[in-house]
Amino acid sequence: PDPFSDVTAEDLEAVKRSLREQQCRTDVRSKTWFGHAVADVLELDVTEPAVKSKVKQLMAIWVENNQFEIYEQYEPKARKKFTYIRPLFPAEPAPF
């Protein structure tokens with residue numbers, strides 16, 4: 001099934017706005033996994049395996065299409081790097 005069959009461009013923008021306010025990890029085992037934020041915005045239940053798979057597919061395609069980027073950040077408390085995801089926004093046009 002097409003993961004975008006019921007996802008609109010407006011949904012993408014809502015997810016991006018939501019993730020702008022959060023620091024979300026790419027690891028599905030994390031309490032701050034991006035999938036939870038996506039599911040909240042899209043009103044999905046990521047405890048269902050099919051939904052979790054759909055969310056992963058959406059994010060993979062969005063990353064591939066430069067809507068989000070993956071980055072690493074060192075966490076001193078844990079003494080290691082973690083992988084995060086953040087939305088990308090087009091550059092604002094100059095005001096002149």
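For the structure itself, look to the data block above.
It should be emphasised that the depicted structure is a prediction, and the values quoted were computed from it without experimental measurement. (Residues numbered from 1 in each chain as written. Predicted model: local features only at pLDDT ≥ 70, side-chain atom pairs only at ≥ 80, totals over all residues. Heavy atoms only, no water.)

S.K.: Looking at this structure, I do not really get the overall build of the protein chain. What am I missing?
M.R.: In terms of helices and strands, the protein chain carries 3 helices and 3 strands. Element order for the protein chain, N to C, with α for helix and β for strand: α-β-α-α-β-β. Overall, the protein chain is about 50 × 40 × 20 Å in size when its C-alpha atoms are taken along their principal axes. For the protein chain, the proportion of its 96 residues judged to be buried stands at 32%. A separation threshold of at least 6 residues defines the contact pool for the protein chain, and within that pool the share at least 24 residues apart is 43%. Total accessible area on the protein chain is roughly 6,700 Å²; 51% of this is exposed by carbon and sulfur atoms. Separation of charge centres in the protein chain, based on 14 positive and 16 negative side chains, amounts to 12 Å. (Helix = DSSP H or I, 4+ residues; strand = E, 2+ residues; numbered from the N terminus. Buried < 20%, exposed > 50% of the residue type's maximum accessible area, 1.4 Å probe, protein only. Contact = heavy atoms within 4.5 Å. Areas by Shrake-Rupley, 256 points an atom, 1.4 Å probe, with all protein chains shown as cover. Lys, Arg positive; Asp, Glu negative; His and termini not counted. Charge placed at Lys NZ, Arg CZ, Asp CG, Glu CD.)

Take it as geometry only, folks, not as evidence of what the structure does.
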